[in-house]
Amino acid sequence: MVNVLVTGGAGFIGSNFTKFALTEHSDWQITTLDKLTYAGRLENFEGVKNEPRHTFVRGDIADPTIAIPLVEQAEIVVHFAAETHVDRAIMTAGDFIKTDVYGTFVLLEAARNAPKLRRFIQVSTDEVYGSVEEGTSRETDELRPRNPYAASKAGADRLAYSFWATYGMPVIITRVSNNYGPNQFPEKVIPLFITNAIDGCAVPLYGDGLHVRDWLHVRDHCRALDLLIANSEPGEVYNIGGGHEVPNLELTQRILRLLNQPDSLIQHVKDRPGHDRRYCLDTTKLRRLGWRPTVDFAEGLADTVAWYQTHESWWRPIKEGDPAFQSYYQEQYDHRS
Ligand code: NAD
Ligand code: DAU
C-alpha cells in the first residue's frame, strides 16, 4: 500500500480530495491529519467513514510530536491544512502565521527525515501573485501578496521551495484559483450567498461587485493534484485555474436566478480592505501535461446550488447552531451595511 498523508483533510478541498483519492487509488492508505478548527468537519467524510484505507488523526500540523511520526512514514504528503479565509485574516492574522507558515515549516522539517517520501505537495494559491489588473499570472511571475492570508501562503510557498533548493526534497508547489463545490464552509462567497438566498436573506456584495475570480470546480482541482503526484518535477510550481473568469456581481445574479430569487436581495456593502481586483492564471504548464478542466461553470454552479439545497443538515447547524459563526458573521458584516 502507498502511505499518503493529507493535512487539512476535514476541510473543503481536503475532504473532496480524500474521497476522490480513495475511489481512484485502491492501493492508497490515507491518513488525514486535521486540527478540526471551525472549518474542519468530520461530516465531510460522509461516505468513507467506515473505509479501512482511511485513518483520521486529530492534531495540529504545528505540533511536532503529532506531525513527525505521520510525515516520516508517508510516501506522499498533500498539504492542504491552513487558515484560509481572507476576511478573518484581515480581522487578525496570528493563526494564519502559526498554521500556514510555522505549521508548514514543521511538516517540511519532518519530511527531511521521511525515507520513502516521493512528493510533498504544497497547496498554495493564486493570491500570492497579488491583484492582476490584466493578462495572466505565470509560475515565474513575481509574488506580490497583498493581504495577511496571501502573505502567509506566500511565505509557506517559498519555504517549501527552499526545502527543495536546499535539501533536494521532492517538493512541488501548486497555485490554485478559487474552488467551488460541495462541503465548502459557508463563510466563502458561493456557499454564503447560496445559503442566504435559500432563506430569502440579503447577500452582502463587497464594493461595486466587479472584482473578478477564476472559478475551478473542486473535482477538477483533485484531478490536477492527482496528475501532478504522478507526473511533476521536484522544485517546480504549477498553476491550477478553472479558466472561468466571473465578476462577483454576475456570479451573484447567477446564484439568485438558480434559486428563483430576485436581484433585490443584492446588498452592496462596504468593500473588503485591500480587496484584490482580479486573479487570473496562465495554466499552459499544467495543460501541457494533459490536464483540462472538465466541469462547465454553469453546470458546476447549478450542481453546487443543488447540493446546498439538499444538504441543509450540513450547513444549518453551522449558520444557525454555532454561536462562534454567528458572532463572526456579526463582527464581519454588521459594520458594513
Ligand atoms: P478550509 O478552510 O475549508 O479547510 C482547512 C482545513 O485545515 C480545515 O479542516 C481545518 O480544520 C484544517 N486546519 C487548520 N489549521 C490546522 C492546523 N494547525 N493543523 C491541522 N489542521 C488544520 O480550506 P480549503 O478551502 O479546503 O483550502 C485548502 C487549501 O487550499 C488551503 O491551503 C488553501 O490555502 C488552499 N487554497 C484554497 C482555495 C479555495 O478556493 N478554497 C484556493 C486556493 C488555495
Ligand atoms: O483565489 C484563491 C483564494 O480563494 C483562496 O486562496 C482562499 O483560501 C479562498 O478563501 C478564496 O479567497 P477569496 O477571498 O477570493 O474568496 P471569498 O469567497 O472570500 O471571496 C470571493 C469574492 O467574493 C471576493 O472578491 C470577495 C467577494 N465577497 C466575499 C464574501 C465572503 C463578497 O462580495 N461578499 C462576501 O460576503
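Parameters and conventions
- Residues numbered from 1 in each chain as written.
- Chains lettered and ligands numbered in written order.
- Predicted model: local features only at pLDDT ≥ 70, side-chain atom pairs only at ≥ 80, totals over all residues.
- Heavy atoms only, no water.
- Helix = DSSP H or I, 4+ residues; strand = E, 2+ residues; numbered from the N terminus.
- Areas by Shrake-Rupley, 256 points an atom, 1.4 Å probe, with all protein chains shown as cover.
- Lys, Arg positive; Asp, Glu negative; His and termini not counted.
- Charge placed at Lys NZ, Arg CZ, Asp CG, Glu CD.
- Salt bridge = Lys/Arg side-chain N within 4 Å of Asp/Glu carboxyl O.
- Buried < 20%, exposed > 50% of the residue type's maximum accessible area, 1.4 Å probe, protein only.
- Near = heavy atom within 4 Å.
- Polar contact = N/O pair within 3.5 Å; in protein donor to acceptor, adjacent residues only side chain to side chain.
- Nonpolar A, V, L, I, M, F, W, Y, C, P; charged D, E, K, R; others polar.
- Phe/Tyr/Trp six-rings, centres within 6.5 Å; stacked < 30°, edge-to-face > 60°.
- Pairing = 2+ DSSP bridges.
- Axes fitted to C-alpha atoms, helices over the stretch in contact; angles between N-to-C directions.
- Contact = heavy atoms within 4.5 Å.

(A) Up close: the overall build of the protein. Looking only at helices and strands, the protein features 12 helices and 12 strands. Here the C-alpha coordinates of the protein stretch approximately 60 × 45 × 40 Å along the principal axes. Of the roughly 13700 Å² that the protein leaves accessible, carbon and sulfur atoms contribute 49%. One finds the centroid of the 35 positive side-chain charges in the protein at a distance of 2 Å from the centroid of its 45 negative side-chain charges.

(B) Expanded view of the pattern of salt bridges. Counted by the stated rule, this structure contains 22 salt bridges. Two residues, Arg53 and Glu51, come together in a salt bridge whose shortest N-O distance is 3.3 Å. Its relative accessible area of 16% is what places Arg53 among the buried residues. You can call Glu51 partly exposed: its relative accessible area is 22%. The salt bridge involving Lys98 is made with Asp95; its shortest N-O contact spans 3.6 Å. Highlighted residues: Lys98 and Asp95, both in helix α4 (residues 94-111), separated by 3 residues, approximately one helical turn. Three or more residues joined by partner-sharing salt bridges are found here, namely Asp199, Glu312, Arg316 and Glu320.

(C) Up close: the site of ligand 1. Lining the immediate environment of ligand 1, one finds 28 residues, of which Asp34, Phe80, Thr84, Tyr149 and Lys153 sit closest. Interatomic distance of 2.9 Å between a backbone N/O atom of Gly11 and an oxygen atom of ligand 1. Look at ligand 1: alone it shows 840 Å² of surface, and the protein chains cover 96% of it. Counting only elements with at least two residues in the shell around ligand 1, the list comes to α1 (12-24), β5 (119-125) and α5 (148-167). Top element by residues in the shell around ligand 1 is β5. It accounts for 3 residues. Split by residue class, the shell around ligand 1 holds 12 nonpolar, 12 polar and 4 charged.

(D) Inspection of the site of ligand 2 at higher detail. With respect to spatial proximity, 24 residues lie near ligand 2, and among them Asp126, Tyr149, Asn178, Arg272 and Tyr333 are the closest. Between ligand 2 and Arg213, the relevant distance is 2.9 Å, taken from an oxygen atom to a side-chain nitrogen or oxygen of the residue. One nitrogen or oxygen atom from the side chain of Tyr333 is found 2.7 Å from an oxygen atom belonging to ligand 2. Along the lines of polarity and charge, the residues of the shell around ligand 2 split into 10 nonpolar, 7 polar and 7 charged.

(E) The arrangement of the packing of aromatic side chains in detail. Inspection of the entire model under this criterion finds 17 aromatic pairs. Plain terms: the ring middles of Phe325 and Tyr328 are 6.1 Å apart, the flat faces sit at 50 degrees to each other, and that makes the pair tilted. Of this pair, Phe325 and Tyr328 both sit in helix α12 (residues 323-333), separated by 3 residues, roughly a single helical turn. In this structure Phe325 comes out as buried when scored by relative accessible area, which is 4%. Ring-pair connections join several aromatic residues into one group, and the members of that group are Tyr38, Phe185, Tyr206, Phe325, Tyr328, Tyr329 and Tyr333.

(F) The arrangement of the sheet that holds strand β10 (residues 237-240) in detail. With respect to topology, 7 strands assemble into an open sheet ordered β3-β2-β1-β4-β5-β6-β10, the strand pairing being parallel. Each edge of the sheet is formed by a strand with only one pairing partner; in this case those strands are β3 (54-58) and β10. In this sheet, adjacent strand axes meet at a mean angle of 20 degrees when their direction is disregarded. The pairing of strand β1 (residues 2-7) with strand β2 (residues 28-34) spans 6 bridges and is classified as parallel. Bridge pairing links Leu5 to Thr31 in β2. Against the sheet, α4 makes contact with β1, β4 (76-79), β5 and β6 (171-176), and its axis sits at roughly 165 degrees relative to β5, the strand it touches most.

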